[in-house]
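What the coordinates show
So you can see what is in the structure, the chains are spelled out below.
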Amino acid sequence: MSWMNPVKKVILCEVGPRDGLQNEKNIISAEDKVRLINGIVEAGYPVVEVGSFVHPKAVPQMANTDEVFRSLTFRDGVEYRALIANLKGVERAAACGCRKVKLNVSASKAHNIANLNRTPAETVAGFGKCVDAAEEGGIAVSGSISMAFGSPWDREIPLSDVKEIVEAYLAVGVREISLSDASGQAYPTQVYEMCTEMKAAYPEVTWWLHFHNTRGLGIANILAGMSAGFDRFDTSFAGVGGCPFVPGAAGNVASEDVVHMLDEMGVETGIDLDKLMEVSRDVAKLLAHPTDSYLLRAGKAKDLILDLPQRQKNN
Ligand code: ZN
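In this report, we go over the structure that sits alongside the text.

Cut-off values and rules
Residues numbered from 1 in each chain as written. Predicted model: local features only at pLDDT ≥ 70, side-chain atom pairs only at ≥ 80, totals over all residues. Heavy atoms only, no water. Helix = DSSP H or I, 4+ residues; strand = E, 2+ residues; numbered from the N terminus. Rg over C-alpha atoms; globule rule 2.2 N^0.38 Å. Buried < 20%, exposed > 50% of the residue type's maximum accessible area, 1.4 Å probe, protein only. Contact = heavy atoms within 4.5 Å. Core = buried A, V, L, I, M, F, W, Y, C linked by side-chain atoms within 4.5 Å. Arc of directions from axis to C-beta. Donors = N, O, S within 2.8 Å, 3.2 Å for Na, K, Ca; no water. Phe/Tyr/Trp six-rings, centres within 6.5 Å; stacked < 30°, edge-to-face > 60°. Pairing = 2+ DSSP bridges. Right-handed = clockwise from strand over helix to strand, strands pointing away. 1 Å grid on protein atoms, 1.4 Å probe; cavity = no way out; pocket = protein on both sides within 12 Å on 5 of 7 lines; lining within 4 Å. Points joined across faces, edges and corners; volume = space filled by probe spheres on them. Nonpolar A, V, L, I, M, F, W, Y, C, P; charged D, E, K, R; others polar. Salt bridge = Lys/Arg side-chain N within 4 Å of Asp/Glu carboxyl O.

1. Describing the overall build of the chain
When helices and strands are tallied, the chain shows 13 helices and eight strands. At 20 Å, the chain has a C-alpha radius of gyration in line with the 20 Å of a compact globule built from 315 residues. Dimensions of the chain, computed from the C-alpha atoms along their principal axes, are close to 85 × 45 × 35 Å. Counting only residues that meet the buried cut, the chain has 55% of its 315 residues in that class. Intrachain contacts of the chain at a sequence separation of at least 6 include 76% that bridge at least 24 residues.

Now the structure itself:
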C-alpha cells in the first residue's frame, strides 16, 4: 500500500443520529436529536444522516424522524439526509422537507434471497420507482451497499457481485454510492484493492465508505480508502451504534477519533474538533452508558502536556 496519500481534504457525514441512535433501547426525543444535529452542523459537518423513514415498528427509535426534520433549521450548504426502504419513505421525506434520501441493499445474495426472494441487483432495479418519485419531488437519491466487504452469511462477497449492484444502481440513475461494512469484516489491504478497482471501473460514481469499528479496524480502513483516493466517509459521534443482526457489532468509527487523526495529518475537514467533542460528550451523557470513543477518554494528543516529575533529591 502506498502511503503517498493523494487525499488532502475529506468530506465527512455524521451518521450518529441514525446509525448510532437506532440501536439505543431508550427512545431519544426529537428535541434532543435536533440539539445534537444542530451541534454537529455548528461544528462544521457538511453532511448529516438525520434518521430513517422506515416502519416505526421495525425501528421505533426512528419513528420521530419526520418531527426532527420539521424542527430543524436547515443551514445552506449542509446536506441533511435520511435512509429510506421504499416509496413510502420518499413520500414521508417529501412531506417533512427532507431533500436527500439513501437507499440500501445487502451485497449478500444468500441473505437477500432468503429475506426478499430476489438478488441484490433485482432489489436495486425495484428502487427505480423510488428514484423517479424522489426526482419528481426534487429529492436527491444516493445508494448504499451493505456487507460489500464480507457478510455473516457468506464466506466472502465476490467483487463481481458488488459490481453487479453498482451497475444496477447506475441503471436506475443513482450515481452516489456508499460501500458499507456493517458487519465489521473489512480490512485495510482489501479496502485499498477494492476501492482502487471500483474507482477505475466506475469513474462517474461519487463514492462513500461506511465502516463499523467492530474489530477495531475502522480508522485503518478509512486510511486505506484515502490511499485509494476515496474522500467521503461516514462517522458516528462518540462511536455509538451497532447492528441488530450482527453479533457483537460496534458502531461506526467515532467522529472525533477520525477528525483528530485527520487534523494531526494536516488533512482538511472543515470541522472544529473541540465543538465536535462537546456534542459527543452530550451524546455520552444522554445515553448514560460507556461509548467507543478514544478521544472522549484520552483527549487530544495536542492537549497532553504533563508537568515533569521533580527529580528526587538524594543526599
Ligand atoms: Zn452502519
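2. Quick notes on the nonpolar core
One finds Ile-145, Tyr-169 and Leu-179 to be the most contacted residues of the largest nonpolar core, which totals 90 residues. Considering every element that reaches this core, the biggest residue donor is helix 2 (residues 30-43), with seven residues. If near-sequence neighbours (up to four positions away) are discounted, Tyr-169 is found in contact with Leu-103, Asn-104, Val-105, Val-124, Phe-127, Gly-143, Ser-144, Ile-145, Val-174 and Ile-177. Residues Met-147, Ala-182, Val-246 and Ala-249 belong to the second largest nonpolar core, which totals five residues.

3. Some thoughts on helix 7 (residues 128-136)
What sets the pattern is the α-helix's 3.6 residues per turn: residues three or four places apart point alike. By the burial criterion, the buried members of helix 7 are Gly-128, Cys-130, Val-131 and Ala-134. Projection of helix 7 onto a plane perpendicular to its axis shows the buried side chains occupying an angular sector of 160°, all on one side. Of the exposed residues in helix 7, those oriented more than 90 degrees away from the buried face are Lys-129 and Glu-136. The inward-facing, buried residues of helix 7 abut helix 4 (87-96), strand 4 (100-106), helix 6 (120-126) and strand 5 (140-146). Of the residues one or two after helix 7, Gly-138 is the one with positive phi, at around 70°.

4. Section: the coordination of the zinc ion
Only Asp-19 (OD), His-210 (NE2) and His-212 (NE2) from the protein coordinate the zinc ion, and they sit 1.9 to 2.1 Å from it. All donors of the zinc ion come from a single chain, and their spacing in sequence reads D-x190-H-x1-H. Residue Asp-19 is found in helix 1 (residues 16-20), and its partner His-212 is found in the loop between strand 7 (206-211) and helix 10 (218-227); the two are separated by 193 residues along the sequence. The pair formed by Asp-19 and His-212 is uniform in burial state, with each residue classed as buried.

5. Remarks on the packing of aromatic side chains
Under the counting rule described, the total for this entry stands at six aromatic pairs. Here the aromatic rings of Phe-69 and Phe-74 are separated by 6.3 Å at their centres, their planes lie at 50°, and the arrangement is tilted. The class of Phe-74 is partly exposed, set by a relative accessible area of 38%. When the ring of Phe-149 is compared with that of Phe-211, the centres are 5.6 Å apart and the planes differ by 45°; the resulting orientation is tilted. Of this pair, Phe-149 sits in the loop between strand 5 and helix 8 (159-171) while Phe-211 sits in strand 7, placing them 62 residues apart in sequence. Accessibility expressed as a relative area gives 5% for Phe-149, which makes it buried.

6. What to know about the environment of Trp-207
Looking at where Trp-207 falls in the secondary structure, it is placed in strand 7. In sequence terms Trp-207 and Lys-129 are 78 residues apart; their C-alpha atoms lie 23 Å from each other. Not counting the four nearest positions on each side in its chain, Trp-207 is found in contact with Val-166, Ile-177, Leu-179, Met-198, Lys-199, Tyr-202, Phe-230 and Arg-232.

7. Regarding the pairing of strand 7
Counted residue by residue, strand 7 has five buried out of six residues, so it is predominantly covered. As paired strands, strand 6 (residues 176-181) and strand 7 are joined by six bridges and run parallel to one another. What sits directly across from Ile-177, in strand 7, is Trp-207. In this fold, strand 6 hands off to helix 9 (residues 188-201), which returns the chain to strand 7; that crossover is right-handed.

8. Thoughts on the layout of surface pockets
Estimates place the volume of the second largest pocket at around 250 Å³. Together, Ala-148, Phe-149, Gly-150, Arg-155, Glu-156, Ile-157, Leu-159, Gln-185, Tyr-187, Gln-190, Glu-193 and Met-194 line the second largest pocket. Examining the composition of the lining of the second largest pocket, we find that three residues originate from one element, helix 9, more than from any other. Classifying every residue of the lining of the second largest pocket by side-chain character gives six nonpolar, three polar and three charged.

9. Quick look at the pattern of salt bridges
Applying the stated criterion across every chain, the model contains 18 salt bridges. Close ionic contact of Glu-42 with Lys-275 constitutes a salt bridge, the shortest N to O distance being 3.4 Å. In this pair, Glu-42 is assigned in helix 2 and Lys-275 in helix 12 (residues 273-287), connecting sequence segments 233 residues apart. Assessed through its relative accessible area of 41%, Glu-42 is described here as partly exposed. Among the salt bridges present, the one from Glu-49 reaches Lys-102, with a minimum N-O distance of 3.0 Å. Taken together, the positions of Glu-49 in strand 2 (residues 47-53) and Lys-102 in strand 4 put the pair 53 residues apart, joining distant regions of the chain. Exposure remark for Lys-102: the relative accessible area of 3% places this residue in the buried category. One network of salt bridges, with partners in common, ties together Arg-18, Asp-19, Glu-49, Arg-81, Lys-102 and Asp-234.

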